[in-house]
Amino acid sequence: MIMQDNFELANGVAIPKLGLGTWFISDEDAAQAVKDAASLGYRHIDTAQAYGNEHGVGVGIRSAGQARDTLFVTTKLAAEIKSYKEAVGSIESSLLTLGLDYVDLMIIHSPKPWMAFHDADRHLEGNREVWRALEDALRAGKLRSIGMSNFQEADIDNILKSGTIKPMVNQILAHISNTPFALIDYCQRQGILVEAYSPVAHGELLKNAEVVAMAEKYGVSVPQLSIRYCLELGMLPLPKTANPVHMKNNADVDFTITAGDMLILKNQEQIRNYGEASRFPVYGGRL
Ligand SMILES: NC(=O)c1ccc[n+]([C@@H]2O[C@H](COP(=O)([O-])OP(=O)(O)OC[C@H]3O[C@@H](n4cnc5c(N)ncnc54)[C@H](OP(=O)(O)O)[C@@H]3O)[C@@H](O)[C@H]2O)c1
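Below: a short report on this structure.

Calculation criteria
Residues numbered from 1 in each chain as written. Predicted model: local features only at pLDDT ≥ 70, side-chain atom pairs only at ≥ 80, totals over all residues. Helix = DSSP H or I, 4+ residues; strand = E, 2+ residues; numbered from the N terminus. Buried ≥ 20, exposed ≤ 12 C-beta atoms within 10 Å, placed from the backbone. Contact = placed C-beta atoms within 7 Å. Pairing = 2+ DSSP bridges. Right-handed = clockwise from strand over helix to strand, strands pointing away. Axes fitted to C-alpha atoms, helices over the stretch in contact; angles between N-to-C directions. Parallel < 35°, antiparallel > 145°, perpendicular 65-115°, else oblique. Left-handed = near helix turned anticlockwise from the far one by under 90°.

Along the chain, the position of Gly126 falls in helix α4 (residues 124–139). Gly126 sits in the buried class, given 21 other C-beta atoms within 10 Å. The residues contacting Gly126, other than those within four sequence positions of it, are Lys82 and Ser83.

Moving on: the sheet that holds strand β7 (residues 146–149). Read across the sheet, 8 strands follow the order β3-β4-β5-β6-β7-β8-β9-β10 without closing on themselves; strand pairing throughout is parallel. Of all the strands in the sheet, the pair left with one neighbour each is β3 (20–21) and β10 (236–237). Pairing analysis gives 2 bridges linking β7 to strand β8 (residues 169–173), with the strands arranged parallel. When the bridges of β8 are listed, Met148 appears paired with Asn170.

What follows covers unusual backbone geometry. Backbone geometry at Phe24 places phi at a positive 75°, although glycine is not the residue there. The phi dihedral of Leu287 falls on the positive side, at around 60°, and the residue is not glycine. Position of Leu287 relative to the elements: it lies in the segment after α10 (259–266). When the 8 C-beta atoms within 10 Å are taken as the criterion, Leu287 is described as exposed.

Of all 5 residues in strand β9 (residues 193–197), 5 are buried, a share of seventy percent or more. Here β9 shows a buried face lined by Leu193, Glu195 and Tyr197 and a second buried face lined by Val194 and Ala196. Alignment of β8 against β9, held across 5 bridges, turns out to be parallel. Bridge pairing in β9 links Asn170 to Val194. Handedness of the crossover joining β8 and β9 through helix α6 (residues 181–189): right-handed. Bridging between β9 and β10 involves 2 bridges; their strand directions are parallel. Looking at the pairing, Ala196 lines up with Pro237 of β10.

Where α4 meets helix α5 (residues 153–162), the closest approach of the two axes is 10 Å, and the angle between their N-to-C directions is 55°. Comparing the axis directions of α4 and α5 gives the class oblique. As for the relative orientation of α4 and α5, their crossing is right-handed in sense. Contacts between α4 and α5 involve Leu124, Asn127, Arg128 and Trp131 from the first element and Asp155, Asn158, Ile159 and Ser162 from the second.

Below, the structure written as structure tokens:
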């Protein structure tokens, strides 16, 4: 069962191979979603300051009926924060909002503030400052592991050169039809675990006829095929749903995709239209 399997991060911390995404799950609904997920066997929940649901996620974690140390919680430091002082305050505020003594993984949500996501400025100094705050919180036992999200090679190198602790994770957009192979390879060669966000392309893959046909061939749903695809590439998928039927389906991925079919999936024409979500910078939009 995938939910009982772990990857090992560079600092030896075990991270469950499947995480539940919570973007667009409201603060009111988040506690129930976390509890439902935990009762189905999920042990890894992915939230962010920007999702506005850290409070609900924390309530869910604390009332899930599972020992805290059996659950893995990730949150993300807001993309706009690019100074040491603000980062220190922001880490504290996540701990308070979640109502937890420690967070298992905290990552910088983006190297660039969302409103400047497509600008050339990489905020190299700001990211070094934020990284220093994450390192200090890790040493203080407030965080068990630290990492980044949406970081390109140059952003990663900035931290590798200046930091004293190597990032453990890079969480990036990666799904069938939009898989940044070179970046994935770079991270993996550096010993950085790649987490695949939007593994179902924010739902858009459900409309891809070729992917639908292949899922039918394997007798699985499109999300199951999409999640398995990420695992085959050594990535940790983070499918989002608050629906327990979908949660159960997404965790039932004990099958393999043949090398030939992986090649077909790797060569799917890139999705560029993410529907209403296209306005978000992570899908190319400008908010
Ligand atoms: N670091 C970042 O910048 C970043 C950016 C984007 C996302 N993320 C993370 O990655 C997570 C996942 O990405 P995402 O939310 O964009 O989308 P996603 O997981 O790729 O897709 C979610 C969509 O797929 C549907 N779905 C999921 N499982 C299903 C199933 N078994 N059957 C049918 N439909 C299914 C969901 O519908 P229902 O809700 O109705 O089940 C929803 O519409 C986020 O929640 C977040 O935690 C991080």
